[in-house]
4 protein chains.
Amino acid sequence: MGDCLKLHIDMNCDLGEGYGAFRVGNDAEIMPHITSANIACGFHAGDPVTMARTVSLAKKNNVAIGAHPSYPDIMGFGRREMQLSPEEVMSCTIYQIGALQGFAKAAGVSLQHVKPHGALYNTASEDEETSKGVVEAVRALDDELIVLAPPKSVLAKVAVEAGLRVALEFFADRAYNADGSLVSRRQPNAIVKEPREVVERVVNVIKEKKVLATNGKVVTLGEVHTICVHGDTPAAVTLVETLKKALIKAGIEVKPLGSFV
Amino acid sequence: MGDCLKLHIDMNCDLGEGYGAFRVGNDAEIMPHITSANIACGFHAGDPVTMARTVSLAKKNNVAIGAHPSYPDIMGFGRREMQLSPEEVMSCTIYQIGALQGFAKAAGVSLQHVKPHGALYNTASEDEETSKGVVEAVRALDDELIVLAPPKSVLAKVAVEAGLRVALEFFADRAYNADGSLVSRRQPNAIVKEPREVVERVVNVIKEKKVLATNGKVVTLGEVHTICVHGDTPAAVTLVETLKKALIKAGIEVKPLGSFV
Amino acid sequence: MGDCLKLHIDMNCDLGEGYGAFRVGNDAEIMPHITSANIACGFHAGDPVTMARTVSLAKKNNVAIGAHPSYPDIMGFGRREMQLSPEEVMSCTIYQIGALQGFAKAAGVSLQHVKPHGALYNTASEDEETSKGVVEAVRALDDELIVLAPPKSVLAKVAVEAGLRVALEFFADRAYNADGSLVSRRQPNAIVKEPREVVERVVNVIKEKKVLATNGKVVTLGEVHTICVHGDTPAAVTLVETLKKALIKAGIEVKPLGSFV
Amino acid sequence: MGDCLKLHIDMNCDLGEGYGAFRVGNDAEIMPHITSANIACGFHAGDPVTMARTVSLAKKNNVAIGAHPSYPDIMGFGRREMQLSPEEVMSCTIYQIGALQGFAKAAGVSLQHVKPHGALYNTASEDEETSKGVVEAVRALDDELIVLAPPKSVLAKVAVEAGLRVALEFFADRAYNADGSLVSRRQPNAIVKEPREVVERVVNVIKEKKVLATNGKVVTLGEVHTICVHGDTPAAVTLVETLKKALIKAGIEVKPLGSFV
């Protein structure tokens, strides 16, 4: 990190996830509390008007902008694994990032990062061919873009090897397995619901680089650069507000990735 | 025109109009004979893989690249008028141009022009709000981009007023009405089929700035900068080849828009 | 009406308007208070899983089922006018009704009615070609299906001429112009918000066949068979509950269209 | 088989695989030579107008009609595996069959069979949950519908256990592995190109219930009821014509599935 004397962290959130008349989330409410916005690019959500408005909203709140590319699956919200060839992954990723760069250009801002969405994120985290499709797309468009990835993932490794900057991500409200992977959403204990616990875990992972896994063991995740939070309910927004205050109180500076990764 | 001593013209063609397994046209065959390619951007045709390949094919043939944005209507191939708000037109246009800019960036080339497709072209030609949506999108992205438009159209007027460069377009094989508009495709005499007639008309419009309308009257169109040709059948490709040779023989230089508009 | 001694009315509501992860409305809350459900069929909303669940929910609540076909426009929620040929309108309508009939068959129920959605409803109400596309589709599938249409509309006329049963519809919370048409949603006074006023208007239109237009004149609409209500907010659900009680108290029986049209 | 004294077989072909302006195949040319048509239902191809026309064309040629449901993936032509839940598979299948039943009803014909398309066919052939989704959809709609499946497949087994009629299918021009499965299309030897060989293999599988696998071994497939042929090129149409003549000459009657399965 750039500043060794002070701990710092980025807070990222998925935004612009409506589609036409389908409204999702509380973008205007969550924006003031985060530092990086992952903006849907039309393949799982995010019609063009929503994209334009979300970029504008992020700019107004001084939130850094990133692309949130997905498999092409509006009906499944990008959560269904699809067997795409590496060429398809790369082209779909270029298409979506390019489209968002268009809105960024029109608004006079630049993209900071790229975070694959949903099933594409999960697959790219584990599968080398898929992660290469994503990484090659990013590199072809702008090698200054930061790739968000889970600690120890294939995606992180492939992005680093390609010479890209990588931001390692911790999920504020998701439980972790003993091997450092996320507990599947299909498991009943996948979500950490208690706000106090969420805050403690986040502060701990930043300071100690460790998380308590569901089996009771402590897992070393290593340094993380960004915390993934949610803004889809009023309670979620309140939690993010609480978390941010707690981080600042704990002496951790909250600022956009681009300033330190 | 830049070079007053020699006549010149651009030849543009719609390309990359396949969609996934749906193959359309003879892109590889037509490319060597044209100077500007209007590339589908995913809303009427042109999935991401097709876009990537078409950009690459154009680059290999030294053909200048332009975006061919459409109403969002794959099922109707962008030929059905849709009532979009100006904000929707602008955002849909930014989205599609941005996506193509992504592929251009990845291939190391830049966009030369923008030509709205199908029903969007027709509506933007006549309707001020729609043309403003298109023009504002172009200007927000890159005010060096040239807008293709019919002579005397609202689109041409709005683009010029916005400070953009405009290329006026003549359709090689379409019949014209006495007011300078195109004969509707629904009319039996909409298409000029005789190759000799196509060639004569094109040479004539470049040299004399006039076309013979279906009612037998001569219409003054004014200067045109580009000829729209088709490449969707082997016969069409042959016609374009013939046309290009005839233009060169008539002392007219065939070169990309960007070099003289 | 079948039973001359007692006034009766149907209450219809648009339902199943989510799409995959996009959740819309409060279907489970509104169902107990209505008699006919217009179910989205996949072209503006209503993915297959949502359709199956909505049919099942309607069946459980003894609510009659109808198809709610739309122009093919998920991004625009079917609210954008599209220029479809009569063949396209007819085929799109058959497709959507057929799909819903599939879910009805699977659930052991039958369709009662068809109500075009959004822009298709508006256009079919005024345009003869479009209304014929819808009506021919209905007739080809099941000539027992009831078509919902505005009083005095082209759609109502065309459906009657084709030998179909028609249910004339009054919008509970929409203001009317002096010619009996709806005040456009773009006008500030398009919606009647005061619950007391909504109730009075509905009771009045059933008993007196008249509505007070925005210009202060009383318009004779003639007999109406069904009241369109909304269930997309908790307040809307409460209003429908209130309205239903008021209707019953006013001696008006609330029952499905199929039993009396 | 019903008639023990004479051999018989059905010939099925995928049809109606265009989408709007995207034209695919030579449906009018192949129709006279086949007995069963698998008609695309809008999820990989087959917009509503194409569906209506294809049903009408099949009727005119006395060809039996079947649904060809797919994963929802126009861009990938249904050839990309997608991870759908059993509920999603079932609902998507009901939706598509229901829609085709609508067109059949409108044309005064009934459906004979259902054949999953592309990746859904492959997955349903091997995966029990997926095959159950398809089979439950068919059973819920019409338990007289015949399910097409590969010999020895999970899909065939699940359909039989559900009480449905199953037609086992042999691919005329595809090579087989020693275990009776198809050689993947990614292998260079996946397609049998020599017309004489295609004919011999088909006659042999009908008479001897065996096929020569790529490793030189003879595989017993058991009885097959239908031969899958293609009509997407003029050469393919000619091959089907040749094949049909050869079958008749070999004393094998070619007739629709519904008459003997």
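Residues numbered from 1 in each chain as written. Chains lettered and ligands numbered in written order. Predicted model: local features only at pLDDT ≥ 70, side-chain atom pairs only at ≥ 80, totals over all residues. Heavy atoms only, no water.

> Please clarify how the overall build of chain A should be interpreted in this entry.
Across its full length, chain A carries eight helices and 10 strands. Relative to the globule expectation of 18 Å for 261 residues, the C-alpha radius of gyration of chain A, 17 Å, shows essentially globular dimensions. Across the 261 residues in chain A, those meeting the buried criterion constitute 59%. For chain A, long-range pairs separated by at least 24 residues make up 71% of all intrachain contacts whose partners lie at least 6 apart in sequence. (Helix = DSSP H or I, 4+ residues; strand = E, 2+ residues; numbered from the N terminus. Rg over C-alpha atoms; globule rule 2.2 N^0.38 Å. Buried < 20%, exposed > 50% of the residue type's maximum accessible area, 1.4 Å probe, protein only. Contact = heavy atoms within 4.5 Å.)

> How should I be thinking about the nonpolar core in this particular structure?
In this structure, Ile227(A), Ile227(B), Ile227(C) and Ile227(D) are the most contacted members of the largest nonpolar core, which totals 343 residues. Beyond its immediate chain neighbours, meaning those up to four positions away, Ile227(A) contacts Ile9(A), Asp10(A), Met11(A), Asn12(A), Phe170(A), Ala172(A), Val202(A), Val205(A), Ile206(A) and Leu243(A). (Core = buried A, V, L, I, M, F, W, Y, C linked by side-chain atoms within 4.5 Å.)

> Before we go on, may I ask you to explain the interface of chain C and chain D in this structure?
Quite often, the size of an interface is put as the accessible area lost when its parts meet. Contact with chain C, which involves 22 residues of that partner, is made by 22 residues of chain D. The tally of links from chain C across to chain D stands at two salt bridges. Arg53(C) is paired through a salt bridge with Glu87(D); the nearest N and O atoms lie 2.8 Å apart. Summed over the shared surface of chain C and chain D, the number is six residue pairs in polar contact (both at pLDDT 80 or more). For the side of chain C that touches chain D, the secondary structure elements donating two or more residues are α2 (48-60), α3 (86-107) and α5 (128-141) of chain C. Per-element tally for the side of chain C that touches chain D: the top contributor is α3(C), with 12 residues. (Salt bridge = Lys/Arg side-chain N within 4 Å of Asp/Glu carboxyl O. Polar contact = N/O pair within 3.5 Å; in protein donor to acceptor, adjacent residues only side chain to side chain.)

> Can you walk me through the relation of the copies chain C and chain D in this structure?
Two chain copies, one operation linking them: a rotation about an axis together with a shift along it. Once turned by 180° and shifted 0.0 Å along the axis, chain C lies on chain D with an RMSD of 0.0 Å. Viewed as a symmetry operation, the transformation between the two copies matches a two-fold axis. Considering only C-alpha atoms, the residue of chain C closest to the rotation axis is Ala99(C), which sits at 2.1 Å. (Least-squares fit on C-alpha atoms with pLDDT ≥ 70 in both.)

> Which parts of the structure should I look at to understand the interface of chain B and chain A?
Each partner contributes to the interface: chain B provides 22 residues, whereas chain A provides 22 residues. Linking chain B with chain A are two salt bridges, by the criterion used here. On the surface where chain B and chain A come into contact, there are six residue pairs in polar contact (both at pLDDT 80 or more). Mapped onto the side of chain B that touches chain A, the elements with two or more residues apiece are α2 (48-60), α3 (86-107) and α5 (128-141) of chain B. In terms of residues, the side of chain B that touches chain A owes the most to one element, α3(B), which gives 12 residues. Grouping the constituent residues of the side of chain B that touches chain A by class yields 14 nonpolar, four polar and four charged. (Nonpolar A, V, L, I, M, F, W, Y, C, P; charged D, E, K, R; others polar.)

> Is there a simple way to explain the environment of Ala156(B) in this structure?
Residues and elements named next belong to chain B. Mapped onto the fold, Ala156 is located in helix α6 (residues 154-161). Residue Ala156 is classed as buried on the basis of its relative accessible area of 8%. The sequence separation of Ala156 and Ala167 amounts to 11 residues, and the corresponding C-alpha distance is 8.2 Å. Every residue in contact with Ala156, bar those within four places of it in the chain, is listed here: Ala149, Pro150, Val166 and Leu168.

> Any chance you could explain the relation of the copies chain B and chain A here in plain terms?
Laying chain B over chain A is done by rotating through 180° and shifting 0.0 Å along the axis; what remains is an RMSD of 0.0 Å. Take the interface residues of chain B: 100% of them recur as interface residues in chain A, which is what a same-surface contact looks like.

> I keep staring at the packing of helix α3 (residues 86-107) of chain A against helix α5 (residues 128-141) of chain A and nothing clicks. Help me out?
The description of two helices packed together rests on the angle between their axes and the distance between the axes. Residue and element names in this part refer to chain A. The interhelical angle for the contact between α3 and α5, taken along N-to-C directions, is 40°, at an axis separation of 8 Å. Between α3 and α5 lies a crossing whose hand is right-handed. On α5, the residues that touch Pro86, Val89, Met90, Thr93, Ile94, Ile97, Gly98 and Gln101 of α3 are Glu129, Thr130, Gly133, Val134, Glu136, Ala137, Val138, Ala140 and Leu141. Classifying every residue of the contact of α3 with α5 gives 10 nonpolar, five polar and two charged. (Axes fitted to C-alpha atoms, helices over the stretch in contact; angles between N-to-C directions. Left-handed = near helix turned anticlockwise from the far one by under 90°.)

> Where do I start with the pattern of salt bridges in this structure?
Side-chain pairs of opposite charge can arise where the charged atoms are in close proximity. Scanning the model with the defined rule gives 43 salt bridges over all chains in all. Notably, a salt bridge pairs Glu200(C) with Arg196(C), separated by 3.9 Å at the nearest N-O pair. Within this pair, Glu200(C) and its partner Arg196(C) are both found in helix α7 (residues 195-208), separated by four residues, close to a single helical turn. In this structure, the salt-bridge partner of Glu144(D) is Arg165(D), at a minimum N-O distance of 4.0 Å. Taken together, the positions of Glu144(D) in the loop between α5 (128-141) and β5 (146-149) and Arg165(D) in strand β6 (residues 165-171) put the pair 21 residues apart, joining distant regions of the chain. One network of salt bridges, with partners in common, ties together Asp14(A), Lys115(A) and Glu169(A).

> Quick question: what am I supposed to make of the environment of Thr214(D) here?
All names here are of chain D. Secondary-structure assignment places Thr214 in the loop between β7 (210-212) and β8 (218-220). Distance from Thr214 to Phe43, taken between C-alpha atoms, is 33 Å for residues 171 residues apart in sequence. When near neighbours in sequence (up to four residues on either side) are disregarded, Thr214 contacts Ala175, Tyr176, Asn177, Val183 and Asn189.

> What am I meant to see in unusual backbone geometry here?
Glycine aside, the phi torsion of most residues is negative, and most peptide linkages are trans. Residues and elements named next belong to chain C. Despite not being glycine, Asn62 has its phi angle at roughly 55°, a positive value. With respect to the helices and strands, Asn62 occurs in the loop between α2 and β3 (64-68). Since its relative accessible area comes to 67%, Asn62 is described here as exposed. In the Ramachandran plot, Lys209 falls in the positive-phi region, its phi being about 60° despite a non-glycine side chain. Its place among the elements puts Lys209 in the loop between α7 and β7 (210-212). Lys209 gets classed as partly exposed once you look at its relative accessible area, which sits at 33%.

> Hey, could you run me through the packing of aromatic side chains in this one?
The geometry of an aromatic ring pair comes down to the distance between the two centres and the angle between the two planes. For the structure on display, the rule yields 28 aromatic pairs over all chains. Summarising the aromatic geometry, the rings of Phe77(A) and Phe22(C) are spaced 5.5 Å apart at their centres and angled 85° between planes, so their arrangement reads as edge-to-face. Placement of Phe77(A) in the loop between β3 (64-68) and α3 and of Phe22(C) in the loop between β1 (8-15) and α1 (27-30) is noted, with the two residues assigned to different chains. Overall, the relative accessible area of 2% leaves Phe22(C) in the buried class. Look at Tyr95(C) and Tyr95(D): their rings are 5.8 Å apart centre to centre, the planes differ by 70°, and that puts the pair in the edge-to-face class. Within this pair, whereas Tyr95(C) is found in helix α3, its partner Tyr95(D) is found in helix α3 (residues 86-107), the two belonging to separate chains. Tyr95(D) carries the same exposure label as Tyr95(C), and that label is buried. Three or more aromatic residues link up through ring pairs in this structure, and these residues are Tyr19(A), Phe22(A), Phe77(A), Tyr19(C), Phe22(C) and Phe77(C). Here the basic side chain of Lys115(B) rests over the ring of Tyr121(B), its NZ or CZ set 5.7 Å away from the ring centre. (Phe/Tyr/Trp six-rings, centres within 6.5 Å; stacked < 30°, edge-to-face > 60°. Lys NZ or Arg CZ within 6 Å of the ring centre and 35° of its normal.)

> Would you explain the environment of Ala167(D) in this entry?
Residues and elements named next belong to chain D. Turning to its location among the elements, Ala167 is positioned in strand β6. Spatially, the C-alpha atoms of Ala167 and Ser85 are 26 Å apart, while their sequence positions differ by 82 residues. Excluding residues that lie within four positions of it along the chain, Ala167 makes contacts with Ile146, Val147, Leu148, Ala149, His225, Thr226, Leu257 and Val261.

> I tried to follow the side chain of Asn38(A) on my own but got confused; where do I start?
Residue and element names in this part refer to chain A. Structurally, Asn38 is set in strand β2 (residues 36-40). A polar atom in the side chain of Asn38 sits 2.9 Å from the side chain of Asp14. Beyond its immediate chain neighbours, meaning those up to four positions away, Asn38 contacts Asn12, Cys13, Asp14, Leu15, Gly66, His68, His113, Lys115 and Leu148.

> Got a minute to help me understand the pairing of strand β5 (residues 146-149) of chain C in this structure?
Looking down a regular strand, the side chains alternate between one sheet face and the other. Residues and elements named next belong to chain C. By the alternation rule, side chains of β5 split into Ile146 and Leu148 and Val147 and Ala149, which are all buried. In the sheet, strand β4 (residues 111-114) pairs with β5 via two bridges, with the strands oriented parallel. By the bridge assignment, Val114 is partnered in β5 with Val147. Looking at chain direction, β5 and strand β6 (residues 165-171) are connected through four bridges and run parallel. The residue bridging Ile146 from the neighbouring strand is Arg165, located in β6. You can see the chain leave β5, run along helix α6 (residues 154-161) and come back into β6, and the turn it takes is right-handed. (Pairing = 2+ DSSP bridges. Right-handed = clockwise from strand over helix to strand, strands pointing away.)

> When you look at α5(C) in this model, what are you seeing that I'm missing?
Think of an α-helix as turning once every 3.6 residues; residues three or four places apart then point the same way. For α5(C), with 14 residues, the first-to-last C-alpha span of 20 Å sits near the 20 Å given by 1.5 Å per residue. Among the residues of α5(C), Thr130(C), Ser131(C), Gly133(C), Val134(C), Val135(C), Ala137(C), Val138(C) and Leu141(C) are the ones counted as buried. Among the structural elements, α3, β4, α4 (118-126), β5 and α6 of chain C together with α3 of chain D are those in contact with the buried residues of α5(C). (Expected span 1.5 Å × (residues − 1).)

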